[in-house]
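Structural overview
Next come the chains, spelled out residue by residue.
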Amino acid sequence: MKVLIIEDEPEMLDNMRRTLEREHYQVETASDYETASNKMGVYEYDCILLDITLPDGDGLELLKQLKNNGKNEGVIIVSAKDSLDDRLKGLNLGADDYLPKPFHMAELHARVNAVLRRLNFKGQQLLELGNVSINPENREVVVDNTPIDLNRKEYDILMYLVTNKNRLVTKAALAEHVWGDHIDQSDSFDFIYSQIKNLRKKMEHSSFTIEAVYGVGYKLNLD
Amino acid sequence: MKLLNHTSKYLSLVLLPIITIWAIAFYYAMLDEIYDSLDDGLENQKILLLKRASEDPSILEHQDFDKHVYAFKPISTYTYENFKESYRDTLMYMHNEDDFEPVRIYESTMQQNGNHYKLKIITSMVEEDDLIQDLVKYLVGLYVLMVIIILFLNNFMLRKIWKPFYHSISQLKTFKIEKDEQITTQSTAIDEFQLLNETIIKLIKKSKDSYTEQKQFIENASHELQTPLAISINKLELFLENHPLSELQTKELASILDNLGRLTRLNKSLLLLSKIENQQFTEEELVDFMELTQDIISDFDDLATHRNTSIHLEVKNSIHYRMNKDLAIVLLTNLIKNALVHGKSDTEIRIQIDQNSWSISNTSDSEVMNQKLLFSRFKKISTNKKSTGLGLAISKAIADKYNLNLSYQFDELHIFRLQFFTER
């Protein structure tokens, strides 16, 4: 899977590149409009992460250019400007998602993953992980041919941890993803624990474990 | 007291002594003139009498004023030579008035055929008491007339002249810098008012500009903070994953991440506040408050369960109100979250919706709180270190934007109430 990151902030770019490489994506980068435009014209990518505020041009123009060329890459707009206007403009121009800065690395994986799955397999692909298979289309989870009944939050947690398998997911990242942005001010993320406990119980026959890492977050380990 | 009445008051007060002093001066000047002309008349009469006496010496027999206005009295040569002529005032019985009236007497001497005479001529005098009375009468009339004219001028003409002033002032009274309204001024021929109008316009423009600039500054600053925050958070997350760390090290890093998260939330809240104030939420739709409340309550399910708090919703009449949906969500979310986070655990939160109000009540260890402080920014009442101190300020800003009245009251329970004035 080839991913192009267009981002003018070098350290931001480096972070994103490193985390995506760990997921075994083939990552290309561009730090200005000119380079991005050239790379997009010449190569094919599966997913493009696009910062729309570039020093030498409007990122939305790149998006227009891409769609005009009939390319079908997945585009996720990354922006420091969480404005409704930009979001609507971007989505109307054909972007697949809009990710406001700052975000958690785990969230980036989840978004990239979702876009790639949607585009490459039209959502039809089953996610296989050991003896567990997940159908993202109808949110079905099967362990050893036994369907598991998960509620909405349990499913979201599982999916998020699976997307970030073998990686530490902090409680804050998990809470924001599953419970939404507004849960943020709650005095602790301890309430996550009861859902994790339920999930572990329901998934006890699966070939992975959900490990609590020093009370900081969780990690889904494949046996 | 209005300015024009003020000037009227002072003018009438000042007029009184001025007219009085003027009256006294006028009176004496006039009196002096009267005496002068009387004395001239008397002197002229003496000359006439001298002429008549040389033609008809019999008039020298008249020794009293019974029949004539003059009297002769023979005197010695010595007296004649030492006599000084004089004018003086005296009283004399007047038949027509049946009273003693003041008269002017001119005493002089004359010589006729070697005989010396003392000559007295009288003429009736102006009656001073009558003169004073008349003068006072007319002056009082003048004073009253002037006061009436001043009042008239002030109330009709000045009111007209001051109109542009009152026009500007009345607008300033209701002017709010955060509302996007313009001040209009009426053109006027009076330099001072023109200057005032120009100054008002200039001052308001300046204030508005700096207000906008400041709002813009907060928004820009918040935007600029996002990238370094993102870099720091992501770097730490990568570091956590890529290095074998001890429990203590992991927890330390997690605590830094937590604080960066707090910073992010604070920044987002600031951004939201300035966006609300910068009128960036223009889309509106009819929001069903009952439905919205139910949705938000279900979002907080897990947190409520964790805190062993139950949320009860009582609906008499749902409220439908036209506003931005996202802001409605933020408004209610903040209020519910506030009740949940600050309320005592193991108690219940009650939300009531009726015809035109939405209210939420919770118990808490804290006592009654100051409503003004409560809705101001960064006023942290609790010791909860994770709250940004902006939640209620944001709710208040949203409520204000849509003309909802958000109030707090304490009655054993802490109650926040949203008052809907008209259903939109």
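Provided above is the structure to which this section pertains.
Residues numbered from 1 in each chain as written. Chains lettered and ligands numbered in written order. Predicted model: local features only at pLDDT ≥ 70, side-chain atom pairs only at ≥ 80, totals over all residues. Heavy atoms only, no water.

Some thoughts on the overall build of chain B
When helices and strands are tallied, chain B shows 10 helices and 11 strands. Here chain B holds 424 residues, and the buried ones make up 38% of them. Residue pairs at least 24 apart in sequence account for 66% of intrachain contacts in chain B once pairs closer than 6 positions are excluded. Approximately 24900 Å² of chain B is accessible, and the part contributed by carbon and sulfur atoms is 56%. (Helix = DSSP H or I, 4+ residues; strand = E, 2+ residues; numbered from the N terminus. Buried < 20%, exposed > 50% of the residue type's maximum accessible area, 1.4 Å probe, protein only. Contact = heavy atoms within 4.5 Å. Areas by Shrake-Rupley, 256 points an atom, 1.4 Å probe, with all protein chains shown as cover.)

Re empty space enclosed by the protein
Counted according to the given criterion, the structure contains 1 cavity of 30 Å³ or more. Taken as a whole, the largest cavity holds about 100 Å³ of empty space. Lining the largest cavity are M105, A106, H109, N164, R167, L168, V169, T170 and A173 of chain A together with E237, L240 and E241 of chain B. Counting only elements with at least two residues in the lining of the largest cavity, the list comes to α5 (105–121) and β12 (168–170) of chain A together with α4 (191–242) of chain B. Split into classes, the residues belonging to the lining of the largest cavity amount to 6 nonpolar, 3 polar and 3 charged. (1 Å grid on protein atoms, 1.4 Å probe; cavity = no way out; pocket = protein on both sides within 12 Å on 5 of 7 lines; lining within 4 Å. Points joined across faces, edges and corners; volume = space filled by probe spheres on them. Nonpolar A, V, L, I, M, F, W, Y, C, P; charged D, E, K, R; others polar.)

Things to note about the sheet that holds strand β3 (residues 47–51) of chain A
Residue and element names in this part refer to chain A. The strand order across the open sheet formed by 5 strands is β2-β1-β3-β6-β7, and the pairing between neighbours is parallel. Because the sheet does not close on itself, it has two edges, and the strands there are β2 (26–30) and β7 (97–100). Neighbour-to-neighbour, the strand axes of the sheet open up by a mean angle of 20°, direction not taken into account. The sheet strands contacting helix α3 (residues 59–68) are β1 (2–6), β3 and β6 (74–79), and the helix crosses β3 at an angle near 150°. (Pairing = 2+ DSSP bridges. Axes fitted to C-alpha atoms, helices over the stretch in contact; angles between N-to-C directions.)

Section: the sheet that holds strand β9 (residues 132–135) of chain A
Residues and elements named next belong to chain A. Strand order in the open sheet formed by 4 strands is β8-β9-β10-β11, and the pairing between neighbours is antiparallel. The strands lining the two open edges of the sheet, one partner per strand, are β8 (127–129) and β11 (146–148). Mean inter-strand twist for the sheet, computed between neighbouring axes without regard to direction, equals 25°.

Section: the pairing of strand β11 (residues 413–419) of chain B
Residues and elements named next belong to chain B. Examined bridge by bridge, strand β9 (residues 357–362) and β11 share 6 bridges and lie antiparallel to one another. Residue pairing in the sheet places S361 in a bridge with I415 of β11. Taken together, the 7 bridges between strand β10 (residues 405–411) and β11 define a ladder with antiparallel strand orientation. Bridge pairing in β11 links L406 to L418. If you look at the hairpin formed by β10 and β11, you'll find 1 residue sitting between the two strands, and E412 has a positive phi there, around 70°.

Remarks on a nonpolar patch on the surface
Residue and element names in this part refer to chain B. Together, L145, I149, F152, L153, F156, M157 and I161 make up an exposed nonpolar region whose accessible area comes to about 670 Å². Summarising the element assignment, L145 is placed in helix α3 (residues 128–174). Since its relative accessible area comes to 48%, L145 is described here as partly exposed. (Patch = residues over 30% accessible without salt bridge, like charges linked within 9 Å, V, L, I, M, F, W, Y side chains within 5 Å. Salt bridge = Lys/Arg side-chain N within 4 Å of Asp/Glu carboxyl O.)

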